[in-house]
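# Observations on the model geometry
Residues per chain are reported as follows:
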Amino acid sequence: MSSKTNRRNFIKMAALSGAGLSLAKSPLAWSAGLVPQPNTPAAANIFFPRRMASWWCSIDDLQWPQRAVGDKIKRRADGFAKARIDTAINFGFHNRFDFSNYFDRLHGYYANVCEELHQRNIRFMDHYSCNHVTRPRSEADLRMVHKYERLAVLLFPDPRAAKFAQYEGHLFQDICEVDLRDGSRGYAKQYQYEAFCHNNPGLHDMHEKYLKRLIKEVPFDGIEVDDMCSYPANTTCGCKYCRERFKRDYGHEIPDFSDRSFFGDTTKEMLQWGNYDNPVYRDWLRMKSDSIRDHIKMIKDVLGDKPLMTCCSNTGPIVLSAVALDLEKMAPYLDMFMLENVGTNIGNVDWAEMDAEALLQKDIADKRGGAPAIALSYEINKKGAYLGWSLARFWGVGNWSSTLNGRLEEDPAGALEMEDAISGPNNWELQYSDLQHAEGRDIPEIRLVYNNHCKYNGWRDSQGHEHWDRVKAWSMQLVSRNVGYRFVRADELADASALAKEKTPLVLDGVGCVSDKQFAAIKTHLSAGNAVWMALPFGTHDEKGFLRPRPLSEALIKNNYKHLRIIDPAVSSHPLEKLISTGKFTPLIKQIKGDSRWVARVRLYGDKPVIHFMNTGLIAIPDDIKDISNIPLMKDIESSIKDSECVYQLNTEKIRLTELSLLSPELKDKKRPVQIGRSGNGYATVQVDLSQVKIYAVAQ
């Protein structure tokens, strides 16, 4: 698939290329999207955004309280209200300490924004990065940041003045990460940022004081503290605080950069550095993500009842350990969970490969007491905004819509205001299909195991596939066959009683690192007569990454469990298809007519089934404009599907069908009746006419 213009691929492609992109309590009783949950997350003021949008700021906004700035706030607040946006989230004054000289005016501006939005029953969330400052180090970097980082307000000091930049007595240069190669300040060349060290007590003190001031001066309703990771990756950090912590917590010294047994082959791209065969290196990565978890905890302690969110483009692949990005480790201190989703270029029509990422983060939110889950989608035009909105509906999460003109050298002709890009789908939703996603319940037919021990230890099979590759392959096959699924993660996999709560098959594909506790829970689950599908290898290493004398799979196979089924890996075969065709598994919904690239997902809202349809046969029409990775932007979206008269068989013993109508923003106000007939043996046929629909429809 083509690269996407989002953080997922900034991390992968930019780190070494040198060409990176990248609540005072509200007086209002919010009603839109507020749904009581059986297990309430930590924040008392939690809310469930349904229609979020970025509130873009510009350098002119620092001229507050000039009348023109106030008038612009009012106009934009009116536009957000007309677009039925329920939550505005700040975007622009990103590397927050770049603006430390202007906090009085910045906070005055935000307070004014909150006032106008609150009058229109719209929430406001702040959004910033606390651990970076913009510091281009060459003319080339300066030009790069002004070419592709225009999404942030660019107001950073001259290099000479930067030596004295500070807040609350903390010089920024004193709290930076330390480059292990030469002792210089840690630098994320892909963003032209200098990075603060999460272990430095000066950063914690400075950030805590800033947060307390922000709470006092701005009546925001929630906050996203962004970039809670380490973008300089394996080049940092060698400061005294990191060295002391590594020695204290893990009993190791950080070696010299010349030690290849630790840093591995440093001729490769930086994100591929590191020797996972060295347990000290594995512990170093754990320590780095521990540090970020502790920083998140400090933020949450200061915020109290105000909801906290951070950014995460994914949390599955090994590569994320290089930048210490670990949503699962931060989750206990978060109240809302956000996935950076589709971007702006032509590759983003291939959305099915992101389903695993979305459902993994949705499971993390669910295990956090049913916390809100949100998908952030970037766009340049209305069609891109509609694709992102559609995916949020298909996944059953809130939608955060964000234009991203600032990732281009200049705004394209006809560039849209944020509210204009998403107004159509939002207003259609409220008029015709006002589904409360927080009330929706997925119907998992299969439980797919993702065990983060494999990521932490850099486990790969003999073909070089990591555990996440296999999980993702399973996800795409499940999507293509309309099979509902959910994730089982490390803690649940170690809990036999939790596994026993459901009887759906448990899929173990390439789970190389397995703890003794997880193994015991799996054996208990099998002994109780539950189904487990296992693709080897399994249990070759323990949870710390140490090789076991013999793979744990040998003991499972030797015990000859009745419902243990050895299957082929999903990365190299089609195990789901084989299980269905041989009668070993029968999905709740089966397509019997029409193009199978129309995929369906059934979700219950109360006791009523709703079927969401998404097109996996989308075609992106390229624009003449290209993004930083030289890939054309997505000008329009067409469909390659020709047969949209689809017929499905549904299991009526599991899904109690009621009268349904097919709706779509693409059909505007038209409702098409869904033909439901009985086919016997507990099944019904469902016939839907998806003609003239290119992207999304819903039967409700």
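Structural notes, computed from the coordinates. (Residues numbered from 1 in each chain as written. Predicted model: local features only at pLDDT ≥ 70, side-chain atom pairs only at ≥ 80, totals over all residues. Heavy atoms only, no water.)

## Some remarks on the overall build of the protein chain
Convention followed: Secondary structure elements follow DSSP: runs of H or I of four or more residues count as helices, runs of E of two or more count as strands, with numbering from the N terminus. Only C-alpha atoms enter the radius of gyration; for comparison, a globular chain is expected to reach 2.2 Å times N to the power 0.38, where N is the number of residues. Buried residues are those whose accessible area, probed at 1.4 Å on protein chains only, stays under 20% of the maximum for their type, while exposed residues exceed 50% and partly exposed ones sit between those limits. Working definition of accessibility: Shrake-Rupley area with a 1.4 Å probe, residue cover restricted to the visible protein chains. We treat Lys and Arg as the positive residues and Asp and Glu as the negative residues; His and chain ends play no part in the count. Working definition for charges: the position is that of NZ of Lys, CZ of Arg, CG of Asp or CD of Glu.
When helices and strands are counted, the protein chain shows 20 helices and 30 strands. A compact globule built from 700 residues would reach a C-alpha radius of gyration of about 27 Å, and the protein chain, at 25 Å, matches this within 12%. A principal-axis box enclosing the C-alpha atoms of the protein chain has dimensions of 80 × 65 × 50 Å. Of all 700 residues assigned to the protein chain, the portion counted as buried reaches 63%. Surface accessibility of the protein chain: about 26400 Å² in total, with carbon and sulfur atoms responsible for 48%. Treating the 92 positive side-chain charges of the protein chain as one cloud and the 90 negative ones as another, the clouds have centres 3 Å apart.

## A closer look at empty space enclosed by the protein
Over the atoms, a rolled probe matching the size of one water molecule traces out where space is still vacant. Short version of the rule: Each cavity reported here is a set of points on a 1 Å grid over the protein atoms alone in which a 1.4 Å probe fits but cannot get out, each pocket an open set with protein on both sides within 12 Å along at least five of seven lines, and each lining residue one with an atom within 4 Å of a point. Grid points are joined across faces, edges and corners, and a volume is the space filled by probe spheres set on the points. When residue character is reported, Ala, Val, Leu, Ile, Met, Phe, Trp, Tyr, Cys and Pro are called nonpolar, Asp, Glu, Lys and Arg charged, and the others, Gly included, polar.
Taken as a whole, the second largest cavity spans an internal volume of roughly 170 Å³. Residue lining of the second largest cavity: 21 residues in total, with I443, V483, G484, R601 and V602 positioned closest to the centre. Mapped by element, the contributors of at least two residues to the lining of the second largest cavity are α11 (355-367), α12 (382-395), α15 (467-480) and β21 (598-605). If one sorts the elements of the lining of the second largest cavity by residue count, β21 sits on top with five residues. Of the residues belonging to the lining of the second largest cavity, the class tally is 14 nonpolar, two polar and five charged.

## Side note on helix α13 (residues 418-432)
Short version of the rule: Between the first and last residue of a helix there are one fewer steps than residues, each counted as 1.5 Å, and that sum is the expected span. Bend, in this description, refers to the angle at a residue between axes fitted to the seven residues ending there and the seven starting there.
For α13, with 15 residues, the first-to-last C-alpha span of 22 Å sits near the 21 Å given by 1.5 Å per residue. The sharpest bend along α13 comes to roughly 40°, located at G424, with the proline P425 sitting one to four residues further on. Turning to α13, its buried residues number three or more, namely M418, E419, A421, I422, P425, N426, W428 and E429.

## Here's the deal with helix α7 (residues 240-250)
Selection criterion: As used here, the arc is the angular range of directions from the helix axis to the C-beta atoms. Any pair of residues with heavy atoms lying within 4.5 Å of one another is described as a contacting pair.
For α7, the complete set of buried residues consists of C242, R245 and F246. Viewed along the axis of α7, the buried residues span an arc of 100°, placing them on a single side of the element. Away from its buried face, by an angle of more than 90 degrees, α7 presents the exposed residues K240 and R248. Where α7 is buried, its residues contact α9 (279-303). One or two residues past the end of α7 sits G251, with phi positive at roughly 75°.

## Focus on the sheet that holds strand β15 (residues 446-449)
The cut-off we apply is this: Should DSSP find at least two bridges between two strands, the strands are regarded as paired. Helix axes are fitted to C-alpha atoms over the stretch in contact, other axes to C-alpha atoms as well, and angles between N-to-C directions run from 0 to 180 degrees.
Strand order in the open sheet formed by five strands is β16-β15-β17-β18-β19, with parallel pairing between adjacent strands. Each having just a single partner strand, β16 (485-488) and β19 (564-566) make up the two edges of the open sheet. Within this sheet the neighbouring strands show an average axis-to-axis angle of 25°, counted without direction. Pairing of β15 with β16, which is carried by four bridges, proceeds in the parallel orientation. By the bridge assignment for β16, R447 is matched with R486.

## Points about the packing of helix α2 (residues 67-82) against α13
Rules: Note that the term roughly parallel is reserved for angles under 35 degrees, roughly antiparallel for angles over 145, roughly perpendicular for angles of 65 to 115, and oblique for everything else.
At a closest axis distance of 8 Å, the pairing of α2 and α13 adopts a crossing angle of 25°. Put simply, α2 runs roughly parallel to α13. The residues of α13 that touch α2, namely those facing R76, G79, F80 and K82, are M418, E419, S423 and N427. Across the contact of α2 with α13, the residue classes break down as two nonpolar, three polar and three charged.

## Description of the pattern of salt bridges
Two side chains that carry opposite charge are able to pair once their charged atoms sit near each other. Selection rule: The term salt bridge refers to a pairing of a side-chain nitrogen on Lys or Arg with a carboxyl oxygen on Asp or Glu at a separation within 4 Å.
Considering all chains together, one arrives at 54 salt bridges under this definition. In this structure, D179 engages R181 in a salt bridge whose closest nitrogen and oxygen atoms are separated by 2.8 Å. D179 gets classed as buried once you look at its relative accessible area, which sits at 6%. Given a relative accessible area of 46%, R181 falls into the partly exposed group. With a shortest N-O distance of 2.9 Å, E638 and K694 are connected by a salt bridge. Of the two residues, E638 sits in strand β24 (residues 632-639) while K694 sits in the loop between β29 (683-689) and β30 (696-699), which places them 56 residues apart along the sequence. Exposure remark for E638: the relative accessible area of 27% places this residue in the partly exposed category. Through salt bridges with shared partners, one network takes in E328, D363, D366, K367, R486, R489, E492 and E502.

## Some thoughts on the pairing of strand β25 (residues 645-651)
A large share of β25 lies buried, amounting to five of its seven residues. Note that strand β20 (residues 589-593) and β25 share four bridges and pair antiparallel. The residue of β25 that forms the bridge with K593 is V647. Where β25 meets β29, seven bridges bridge the pair, whose relative direction is antiparallel. Each bridged residue has a counterpart across the sheet, and for N651 the counterpart in β29 is Y683.

## Regarding the pairing of β21
With respect to burial, β21 is a largely interior element, eight of its eight residues being buried. Where strand β14 (residues 440-442) and β21 come together, three bridges link them in antiparallel fashion. Paired with G440 across the bridge in β21 is Y605. Direction of pairing for β21 relative to strand β22 (residues 608-615): antiparallel, over a ladder of eight bridges. By the bridge assignment for β22, V602 is matched with I611.

## Some details on the state of the cysteines
For clarity, the threshold we go by: Cysteine sulfurs are considered disulfide-paired once they come within 2.5 Å of each other.
As enumerated under the stated definition, the model contains zero disulfides in all. In this structure C513 is a free cysteine whose sulfur lies 4.6 Å from that of C454, the closest cysteine sulfur available. On the basis of relative accessibility, which here comes to 1%, the residue C513 falls in the buried class.

## Some words on the nonpolar core
Most often, soluble globular proteins have nonpolar side chains that are buried together. So the rule is basically this: Joining through side-chain atoms within 4.5 Å is the link that ties buried Ala, Val, Leu, Ile, Met, Phe, Trp, Tyr and Cys residues into a set, and such a set is a nonpolar core.
Of all hydrophobic cores here, the largest spans 168 residues; its most connected members are W55, W284, W351, W395 and W474. Of the residues forming this core, the biggest block, ten residues, is contributed by α9. Not counting the four nearest positions on each side in its chain, W395 is found in contact with L339, N341, M354, D355, A358, L359, K362, A375, R601 and R603. The next biggest cluster of nonpolar side chains, apart from the first, holds 26 residues, and it includes I589, A600, L662 and A684.

Nothing here speaks to function; it is geometry throughout.
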